[in-house]
Amino acid sequence: MLSKNKIKHIRSLEHKKFRDKYGVFVAEGNKLIDDLRSHFELMEIIEGDDVARISFQETPQNMLAIFRKDTDATGDLTPYPTTQLCLALDDIQNPGNLGTIIRLADWFGIEHIYCSKACADIYSPKVVQATMGSLARVNIHYTDIAKFAESVGNTPIYGTFLDGTNIYDQPLTSNGLIIMGNEGHGISAEVARHVTRRLLIPNYPPGRATGESLNVAIATSIVCAEFRRRCCI
C-alpha cells in the first residue's frame with residue numbers, strides 16, 4: 001500500500017515544475033513501459049490496486065512506472081544531421097498532437113525532432129502515452145527554431161502553408177528539415193522567413209468549400225508519407 005506522501009509525490013508529476021525538479025516522468029501500461037525501458041532508466045514500478053489511486057488515465061492500466069528523464073532533450077544540440085530528414089515543431093502545444101507526431105516520426109524513420117521552447121513538454125503524461133513507446137526511439141531537442149534554422153546551411157527547409165506549392169507537384173529531397181506550425185497560427189513569421197520550400201497539402205476537389213486547415217498531426221503524417229514515398233533511402 002502506497003503512503004499518502006508517495007501518492008502525493010507521484011500525482012505531482014502531472015506538472016512540469018515537479019517533473020523538472022525531480023528529473024523523472026510517469027508512464028502507464030505494460031507495453032509502453034517495456035518500450036521505454038530500452039532507453040530510459042527505470043526508477044520504480046507500481047502494480048495492482050495502487051495504480052488506480054495514482055493513475056493519470058481515465059481508464060487506469062495495470063502498471064505504472066517512474067523513469068528518469070533524458071537530459072539530452074534539453075542539453076546542447078548535436079550537429080544537425082544534414083543527410084537525414086528531420087522535423088521541427090514551431091509551438092505545438094497540444095500534448096496529444098505532440099505525442100502523435102513523435103509516434104509518426106518513429107514510424108517514418110525520422111530520428112530527430114527539434115521543438116521550440118514553447119512546445120508542450122515531451123514528458124507530460126498525455127504526451128508520453130500518445131507516443132506509444134516511440135519516445136524511446138526518437139531524439140527530441142528543445143531549441144530556438146528560428147536560430148536553429150539559420151544553422152543548417154544549405155539544407156532544404158520545408159514548411160506547410162495555405163499559399164504554398166502543391167506538395168504533389170513539388171520536388172522533394174531525401175534530406176532536409178520539415179517545419180510544422182502551431183495548431184491555431186501555423187508557422188510563425190520569424191520562423192517562416194527561413195523556409196526555402198513552401199508546401200501546400202491540397203484539399204479535394206480544388207475550390208470546394210472545406211475546413212480552414214488540417215490538424216497538425218494529420219498534416220505531418222501526410223507530409224512525411226509523401227517524402228518517404230518518393231525519397232525513401
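The residue numbering used here restarts from 1 in each chain and proceeds along that chain's sequence as written. For a predicted model such as this one, the threshold for reporting local features is a pLDDT of at least 70, and the threshold for listing and counting side-chain atom pairs is 80 or more; totals across whole chains, interfaces and linings nevertheless cover every residue. The basis for every side-chain value is the complete set of heavy atoms in the structure, and neither hydrogens nor water enter the calculation.

Student: Explain the nonpolar core residue by residue, including any values.
Tutor: A general tendency of soluble globular proteins is for nonpolar side chains to be buried together. In terms of nonpolar packing, the biggest core is built from 47 residues, with Leu-36, Leu-98, Ile-113 and Leu-135 touching the most fellow members. Secondary structure is summarised from DSSP: a helix means a run of H or I of at least four residues, a strand means a run of E of at least two, and numbering begins at the N terminus for each. Per-element tally for this core: the top contributor is helix α9 (residues 216–231), with 7 residues. Here, residues are in contact when the closest pair of their heavy atoms is within 4.5 Å. If sequence neighbours within four positions are ignored, Leu-98 has contacts with Leu-89, Ile-92, Cys-115, Ala-120, Asp-121, Ile-122, Val-127 and Tyr-142. To define a nonpolar core, start from buried Ala, Val, Leu, Ile, Met, Phe, Trp, Tyr and Cys residues and group those joined through side-chain atoms within 4.5 Å. With a 1.4 Å probe rolled over the protein chains alone, any residue whose accessible area is under 20% of its type maximum counts as buried; one over 50% counts as exposed, and the rest are partly exposed. Counting residues in each nonpolar core, the second largest holds 17 residues, with Cys-86, Val-152, Ile-179 and Ala-192 among its members.

Student: Outline the sheet that holds strand β9 (residues 197–200), listing residues and values.
Tutor: Where strands meet in a sheet, backbone hydrogen bonds hold them as pairs that are either parallel or antiparallel. Each pair of strands is called paired provided DSSP finds at least two bridges between the two strands. Reading across the sheet, the 6 strands line up as β6-β5-β4-β8-β7-β9 and stay open at both edges, with parallel pairing between neighbours. Each edge of the open sheet is held by one strand with a lone partner, namely β6 (139–143) and β9. On average, adjacent strands in this sheet sit at an angle of 35 degrees to one another, irrespective of strand direction. For strand β7 (residues 157–166) and β9, the ladder comprises 5 bridges, and the chain directions are parallel. In the strand pairing of β9, Thr-160 is matched with Leu-199. Throughout, an axis means a line fitted to C-alpha atoms (over the contacting stretch in the case of helices), and angles, computed between N-to-C directions, take values from 0 to 180 degrees. The sheet strands contacting α9 are β4 (85–89), β7, β8 (176–180) and β9, and the helix crosses β8 at an angle near 160 degrees.

Student: Please set out the confidence of the model for the protein chain residue by residue, giving values where relevant.
Tutor: Confidence scores here are pLDDT values: one per residue, from the predictor, ranging 0 to 100. Averaged over all residues, the pLDDT of the protein chain equals 92, while 96% of them reach at least 70. Mean pLDDT across the secondary structure elements of the protein chain bottoms out at helix α4 (residues 50–54), with 90, and peaks at helix α5 (residues 95–107), with 98.

Student: Before we move on, can you summarise the sheet that holds strand β3 (residues 63–68) with the specific residues and values?
Tutor: The strand order across the open sheet built from 3 strands is β1-β3-β2, with neighbouring strands paired in antiparallel fashion. Edge positions in the sheet fall to β1 (24–28) and β2 (42–47), since each of these pairs with one other strand and no more. Put simply, the sheet's adjacent strands are angled 20 degrees from each other on average, direction ignored. In this structure, β2 lies alongside β3, joined through 5 bridges in antiparallel fashion. Bridging from a neighbouring strand, Ile-45 pairs with Ala-65 of β3.

Student: Account for the packing of α5 against α9, naming residues and giving values.
Tutor: Their axes nearest at 9 Å, the elements α5 and α9 cross at an angle of 15 degrees. In terms of orientation, α5 and α9 fall into the roughly parallel class. With respect to the hand of their crossing, α5 and α9 are arranged in right-handed fashion. Contacts between α5 and α9 pair Asn-97, Thr-100, Ile-101 and Leu-104 from the former with Val-216, Ala-217, Thr-220 and Ser-221 from the latter. Roughly parallel refers to an angle under 35 degrees, roughly antiparallel to one over 145, roughly perpendicular to one between 65 and 115, and oblique to any angle outside these ranges. Each crossing gets its hand from how the near helix is turned against the far one by less than a right angle, where anticlockwise is left-handed and clockwise is right-handed.

Student: Describe the environment of Asn-175, listing the residues and the values that go with them.
Tutor: Topologically, Asn-175 is positioned in the loop between β7 and β8. Each C-alpha atom of the pair Asn-175 and Pro-156 lies 7.4 Å from the other, and the pair is 19 residues apart in sequence. Aside from chain neighbours lying at most four places away, what touches Asn-175 is Thr-82, Thr-83, Gln-84, Leu-85, Thr-155, Pro-156 and Tyr-158. Among the polar contacts listed, one links the side chain of Asn-175 to the backbone oxygen of Thr-82, at a separation of 2.8 Å. By the criterion applied in these results, polar contacts are pairs of N or O atoms within 3.5 Å in which, for protein atoms, one can donate a hydrogen and the other can accept it, and in which residues neighboring in sequence qualify only through two side-chain atoms.

Student: I'd like a rundown of the layout of surface pockets, residues and numbers included.
Tutor: By volume, the largest pocket amounts to about 670 Å³. Both site types are read off a 1 Å grid over the protein atoms alone. A 1.4 Å probe that fits but cannot get out defines a cavity, while an open set with protein on both sides within 12 Å along at least five of seven lines defines a pocket; lining residues have an atom within 4 Å of a point. As for the largest pocket, its lining consists of 26 residues, of which Leu-162, Glu-212, Ser-213, Leu-214 and Ala-219 are closest to the centre. Put simply, the parts of the chain that give the lining of the largest pocket at least two residues each are β7, β9 and α9. By residue number, the principal contributor to the lining of the largest pocket is β7, which donates 3 residues. In this count, Pro and Cys sit with the nonpolar residues alongside Ala, Val, Leu, Ile, Met, Phe, Trp and Tyr, while Asp, Glu, Lys and Arg are called charged and the others, Gly among them, polar. Residues belonging to the lining of the largest pocket are distributed by class as follows: 12 nonpolar, 12 polar and 2 charged. Grid points are joined across faces, edges and corners, and a volume is the space filled by probe spheres set on the points.

Student: Break down the side chain of Gln-129 for me, with residues and values.
Tutor: With respect to the helices and strands, the residue Gln-129 is situated in helix α6 (residues 125–131). Residue Gln-129 is classed as buried on the basis of its relative accessible area, which comes to 14%. Not counting chain neighbours up to four residues away, the residues in contact with Gln-129 comprise Ala-27, Glu-28, Leu-32, Gln-57 and Gln-61.

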